[in-house]
Amino acid sequence: MTRPLRQTLRTADQIVDAKLAPADRAHDIARVADRYAVAISPAIAGLIDPADVNDPIARQFVPDIRELDHRPEDRADPIGDDAHSPVTGIVHRYPDRVLLKIASVCPVYCRFCFRREMVGPTHGHALSDAEFDSALS
Ligand code: SF4
């Protein structure tokens, strides 16, 4: 039985050390982590079966080199948030609802995230007071 993790995994070495990926994937995971945020919380890690190479939870949270495959038709803003963002922190796509994005960091980073270009510690952690006031207005 493996010991439960006590910290969120954020690097390739940590993921390999936790046996959530084989050592021969460390280089690829590091390349993905250079581009996109990585975080696997202890709770998520505890759901992964390290013996199953196709573990469905691992596939959602352990970086895969295929994330770096890009096609000409790929967009940095695939769901078009920018066109509906009148001020920082707001997405107003529909008349009867609004999305207030207070923070740009997540406790885990899902490999399927369609806001992957916008989330992570390199995108700032939270709205400033002025941005928050502007978003509320
Ligand atoms: S924004 Fe949502 S889908 Fe994207 S990484 Fe964060 S929790 Fe996952």
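Up top is the structure.
All values derive from a computational prediction rather than experimental measurement. (Residues numbered from 1 in each chain as written. Predicted model: local features only at pLDDT ≥ 70, side-chain atom pairs only at ≥ 80, totals over all residues. Heavy atoms only, no water.)

J.: Lay out the site of the ligand in plain terms, naming residues and giving numbers.
T.: C106, V108, Y109, C110 and C113 make up every residue found near the ligand. Each residue belonging to the shell around the ligand can be placed in one class, and the counts come to five nonpolar, no polar and no charged. (Near = heavy atom within 4 Å. Nonpolar A, V, L, I, M, F, W, Y, C, P; charged D, E, K, R; others polar.)

J.: Go over a nonpolar patch on the surface with me, naming the residues and quoting the values.
T.: Taken together, the side chains of L100, I102, F132 and L136 present a nonpolar region at the surface, about 350 Å² in accessible area. Relative to the assigned elements, F132 resides in helix 5 (residues 129-136). (Patch = residues over 30% accessible without salt bridge, like charges linked within 9 Å, V, L, I, M, F, W, Y side chains within 5 Å. Areas by Shrake-Rupley, 256 points an atom, 1.4 Å probe, with all protein chains shown as cover. Salt bridge = Lys/Arg side-chain N within 4 Å of Asp/Glu carboxyl O. Helix = DSSP H or I, 4+ residues; strand = E, 2+ residues; numbered from the N terminus.)

J.: How would you sum up the packing of aromatic side chains? Please name residues and give values.
T.: Counting across every chain of the model gives zero aromatic pairs. Over the ring of Y94 we find R97; its NZ or CZ atom is 5.1 Å from the centre of that ring. We note R116 situated over the ring of Y36; from NZ or CZ to the ring centre the distance is 4.2 Å. (Phe/Tyr/Trp six-rings, centres within 6.5 Å; stacked < 30°, edge-to-face > 60°. Lys NZ or Arg CZ within 6 Å of the ring centre and 35° of its normal.)

J.: I'd like a description of the environment of R116, backed by residues and values.
T.: The topology assignment puts R116 in the loop between strand 2 (97-100) and helix 5. Since its relative accessible area comes to 17%, R116 is described here as buried. Each C-alpha atom of the pair R116 and A76 lies 8.7 Å from the other, and the pair is 40 residues apart in sequence. With sequence-adjacent residues up to four places away left out, R116 is seen in contact with Y36, E67, C110 and R111. A polar atom in the side chain of R116 sits 3.4 Å from the backbone oxygen of C113. (Buried < 20%, exposed > 50% of the residue type's maximum accessible area, 1.4 Å probe, protein only. Contact = heavy atoms within 4.5 Å. Polar contact = N/O pair within 3.5 Å; in protein donor to acceptor, adjacent residues only side chain to side chain.)

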